[in-house]
Amino acid sequence: MKSIKKNSFILAFVAFLSAVLISTTALAQADININDTNIIRVGSDVTIAPNQVVENAHAIGGDVTIGEGARVIETAIAIDGDVILEKDARVDGDVYAVGGEIITSPGATIGGASGTILENGRWGMHGRRRGMSSFGVRYLLNSAFHLFNVLIGTIIGVLILLWRPNFLLNLAATVNQYPLQSGLWGLGGLFAVIVLIILLAVSLIGIPLLPLVGLIVAVTVILGTLGVALWVGQRILTGTERSPMQQFLVGVLILALIGLIPVLGGLVLSVVNIFGFGALLLWLFKKRRYA
């Protein structure tokens, strides 16, 4: 039985890597629409030349770089990439980075709302300033933010266990009994979210809904990840005398330590997020309940 579960986990992980590889290969460089004032590009970067003025700059599978003194009148959006504002660059409207960062240089301004969605598996409402790009500084900042997220997640998980313990127990049981399905549901859910974000971004009318979509996805991923943390704790503390609270705290501690590992930790947590997301979707839509 353990061998079957292990093989299912490995198969789901391989499916995840395959999906990433296929999606990367399929995104050949292409322009959905490109003219003098609106640039929407798939599979490559969008670069606004210095002092150039455009209405919209959107990149799907690439970065949006707004050159020195350049101006975007409406929106700048990067999906699976960063939005980079060079010195004195200006965006009059909103700026969003889905799966990336918003990086601003001195003198750069954003007139509307700005936010990051699914930035390394997280959701936030601001980017970072350039000039703090050394590995040590970035590692310390990312570690501090990671530990802060762990603290908030731990508090949420403890409250859920005190209020509705069966919720996290159901998620942990779903991951345990259906690891392959959880991974596939997570990938499918992620693909659906990406398609929805692309449709909202391309239509322009749906841009104001992007923060709401990001918030819903973030809450779903967080709840699912808490269920995975409980499952990890159950694998470590295998005894009937161990309470779910103890198992959950041990699982959170292990995931927190993994997240401190440079590069590899982020990749592992991304996989954890995928499985947590899928487990929650599987539990909701398939109505699986466990004692």
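Quick caveat: nothing in here was measured; it's all calculated off a predicted structure.

## Looking at the layout of surface pockets
Argument step 1. As a volume, the second largest pocket reaches approximately 190 Å³.
Argument step 2. Lining of the second largest pocket is provided by Gly189, Ala192, Val193, Leu196, Leu212, Val213, Ile216, Val217, Thr220, Phe277 and Leu281.
Argument step 3. Ranked by the residues each element gives to the lining of the second largest pocket, the list is headed by helix H5 (residues 210-236), at five residues.

## Quick word on the pattern of salt bridges
One side chain can pair with another of opposite charge once the charged atoms of both are near each other.
Argument step 1. Within this structure, the stated rule accounts for two salt bridges.
Argument step 2. The residue arginine 71 makes a salt bridge to aspartate 92 at a minimum N-O spacing of 2.6 Å. Within this pair, whereas arginine 71 is found in strand E6 (residues 71-79), its partner aspartate 92 is found in the loop between strand E8 (90-91) and strand E9 (95-98), the two being separated by 21 residues in sequence.
Argument step 3. Judged by its relative accessible area of 31%, arginine 71 falls in the partly exposed class.
Argument step 4. The partner of aspartate 92 in a salt bridge is arginine 90, with the nearest N and O atoms 2.6 Å apart.
Argument step 5. The class of aspartate 92 is partly exposed, set by a relative accessible area of 22%.
Argument step 6. Relative accessible area serves as the criterion here: at 40%, arginine 90 is assigned to the partly exposed category.
Argument step 7. Shared partners join several salt bridges into a network, and the residues in it are Arg71, Arg90 and Asp92.

## Focus: the packing of helix H3 (residues 165-177) against helix H7 (residues 264-286)
Argument step 1. Close contact between H3 and H7 brings their axes to 9 Å; oriented N to C, the two are set at 105°. By the angle between their directions, the pair H3 and H7 is classed as roughly perpendicular. In this structure, H3 uses Phe167, Asn170, Leu171, Thr174 and Val175 to contact H7, whose residues at the interface are Ala279, Leu280, Leu282 and Trp283.
Argument step 2. Partitioned by chemical class, the residues of the contact of H3 with H7 number seven nonpolar, two polar and no charged.

## Some thoughts on the packing of H3 against H5
Argument step 1. Following both chains from N to C, one finds H3 and H5 inclined at 70°, their axes separated by 8 Å at the closest point. In terms of orientation, H3 and H5 fall into the roughly perpendicular class. Crossing geometry of H3 relative to H5 is assigned as right-handed. Here Phe167, Leu168, Leu169, Leu171, Ala172, Val175 and Asn176 of H3 come into contact with H5, specifically with Leu223, Gly224, Leu226, Gly227, Val228, Leu230, Trp231, Gln234 and Arg235.
Argument step 2. Its residues placed into classes, the contact of H3 with H5 shows eleven nonpolar, four polar and one charged.

Reading guide: rules and limits
- Residues numbered from 1 in each chain as written.
- Predicted model: local features only at pLDDT ≥ 70, side-chain atom pairs only at ≥ 80, totals over all residues.
- Heavy atoms only, no water.
- 1 Å grid on protein atoms, 1.4 Å probe; cavity = no way out; pocket = protein on both sides within 12 Å on 5 of 7 lines; lining within 4 Å.
- Points joined across faces, edges and corners; volume = space filled by probe spheres on them.
- Helix = DSSP H or I, 4+ residues; strand = E, 2+ residues; numbered from the N terminus.
- Salt bridge = Lys/Arg side-chain N within 4 Å of Asp/Glu carboxyl O.
- Buried < 20%, exposed > 50% of the residue type's maximum accessible area, 1.4 Å probe, protein only.
- Axes fitted to C-alpha atoms, helices over the stretch in contact; angles between N-to-C directions.
- Parallel < 35°, antiparallel > 145°, perpendicular 65-115°, else oblique.
- Contact = heavy atoms within 4.5 Å.
- Nonpolar A, V, L, I, M, F, W, Y, C, P; charged D, E, K, R; others polar.
- Left-handed = near helix turned anticlockwise from the far one by under 90°.

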